[in-house]
Amino acid sequence: MIEIGTVTQHHADRGAVSVDFEHLGTSAECAVLQPTTGEHACFVLPSVGTQVVCWLESGKNIALGALFSDNEPVPSEATAEGYYRQVGEMTLRISENKASLKNGSNDLKTLLNDILTAIQNLTVSTPMGPSGTPLPPTVQAVKKAVQDLNQLLE
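Note that the coordinates shown come from a computational prediction; the quantities given were computed from them, not determined experimentally.

Participant: Just to check I follow, could you spell out the overall build of the protein for this structure?
Facilitator: Tallying secondary structure elements over the protein gives two helices and 10 strands in all. Along the protein, helices and strands appear, N-terminal first, in the series β-β-β-β-β-β-β-β-α-β-β-α. Against the compact-globule benchmark of 15 Å for 154 residues, the protein has a radius of gyration of 24 Å, which places it well outside the compact range. Taken along its principal axes, the extent of the C-alpha atoms in the protein is 80 × 30 × 30 Å. Expressed as a percentage of its 154 residues, the buried residues of the protein come to 23%. In the protein, the share of contacts with a sequence separation of at least 24, taken over all contacts with a separation of at least 6, comes to 41%. Accessible surface computed for the protein: about 10,700 Å², of which carbon and sulfur atoms make up 56%. Distance from the positive charge centre (9 side chains) to the negative charge centre (17 side chains) of the protein: 13 Å.

Structure (structure tokens):
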């Protein structure tokens, strides 16, 4: 029997969730279907409050997947052409040829660009006074790194 219920509790040690089936007047523990296990394991449990589709079969209950709803809508950043993952304020987005990693206040591209800019403008205190800016080979390497970074990250 296939039913839709709401996650009420996590059982991470068993890879399962408790699901309330309000319309049936019951609840059940359901193992959560994962994309892969073993050496290439991926472990994700649906959030408490999430609607899930479950297969209920005499003691072998499986949560097959989660559903977007009015309470938990499709993220505005999600697209059909890529991958989107959010954990708290941390988001990872991968499109055809670029990626982004962000949290509430920082993103990886900006941080790496700031580091490369600091390297490009680096001066060092010496007994004769401050050094000059980096030599042309260093400046060229930094410019190439910035170009590569812009091709890789959004």
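Additional details are given in the paragraphs that follow.
Participant: Looking at this structure, I do not really get the state of the cysteines. What am I missing?
Facilitator: Here a disulfide denotes a covalent bond joining the sulfur atom of one cysteine to the sulfur atom of another. Counting across every chain of the model gives zero disulfides. Looking at Cys-42, it has no disulfide partner, and the nearest cysteine sulfur is the one in Cys-54, 18 Å off. Take Cys-54: it sits in no disulfide, and the sulfur closest to it among the cysteines is that of Cys-30, at 3.9 Å. For Cys-54, a relative accessible area of 0% puts it in the buried group.

Participant: How should the side chain of Asn-61 be read in this particular structure?
Facilitator: Looking at where Asn-61 falls in the secondary structure, it is placed in the loop between β4 (51-55) and β5 (62-67). Of note is the side chain of Asn-61, whose polar atom sits 3.4 Å from the backbone oxygen of Glu-29. Among the polar contacts made by the side chain of Asn-61, one reaches the main-chain amide nitrogen of Glu-57 at a distance of 3.4 Å. Sequence-distant contacts of Asn-61, that is, excluding residues within four places in its chain, are made with Ala-28, Glu-29, Cys-30, Ala-31, Trp-55 and Leu-56.

Participant: Honestly, the sheet that holds strand β3 (residues 26-32) in this entry has me stumped. Any pointers?
Facilitator: Sheet strands line up and pair through hydrogen bonds in the backbone, either parallel or antiparallel. In space, the five strands of this closed barrel follow the order β1-β2-β3-β5-β4, with mixed pairing throughout. On average, each strand axis in the sheet is tilted by 55° relative to the strand beside it, whichever way the strands run. With two bridges joining them, β3 and β5 adopt parallel strand pairing. From the neighbouring strand, Ala-31 faces β5, where its bridge partner is Ile-62.

Participant: So what exactly am I meant to see when it comes to helix α1 (residues 108-120) here?
Facilitator: Quick reminder: α-helices carry 3.6 residues per turn. Residues three or four places apart thus point the same way. The terminal C-alpha atoms of α1, which comprises 13 residues, lie 18 Å apart, in line with the 18 Å expected from a rise of 1.5 Å per residue. Those residues of α1 not exposed but buried are Lys-109, Asn-113 and Leu-116. Summarising the axial view, the buried residues of α1 lie within an arc of 65°, below the 170-degree limit, and thus occupy one face. On its buried face, α1 is in contact with α2 (136-152). The N-cap residue of α1 is Asp-107: its side-chain oxygen and the backbone nitrogen of Lys-109 are 3.3 Å apart.

Participant: Help me understand the environment of Val-139 in this model?
Facilitator: You can see Val-139 is positioned in helix α2. Residue Val-139 is classed as buried on the basis of its relative accessible area of 18%. Separated by 15 residues in sequence, Val-139 and Val-124 place their C-alpha atoms 15 Å apart. With near-sequence residues (within four places) excluded, Val-139 lies in contact with Gln-120 and Pro-134.

Criteria and cut-off values
Residues numbered from 1 in each chain as written. Predicted model: local features only at pLDDT ≥ 70, side-chain atom pairs only at ≥ 80, totals over all residues. Heavy atoms only, no water. Helix = DSSP H or I, 4+ residues; strand = E, 2+ residues; numbered from the N terminus. Rg over C-alpha atoms; globule rule 2.2 N^0.38 Å. Buried < 20%, exposed > 50% of the residue type's maximum accessible area, 1.4 Å probe, protein only. Contact = heavy atoms within 4.5 Å. Areas by Shrake-Rupley, 256 points an atom, 1.4 Å probe, with all protein chains shown as cover. Lys, Arg positive; Asp, Glu negative; His and termini not counted. Charge placed at Lys NZ, Arg CZ, Asp CG, Glu CD. Disulfide = S-S within 2.5 Å. Polar contact = N/O pair within 3.5 Å; in protein donor to acceptor, adjacent residues only side chain to side chain. Pairing = 2+ DSSP bridges. Axes fitted to C-alpha atoms, helices over the stretch in contact; angles between N-to-C directions. Expected span 1.5 Å × (residues − 1). Arc of directions from axis to C-beta.

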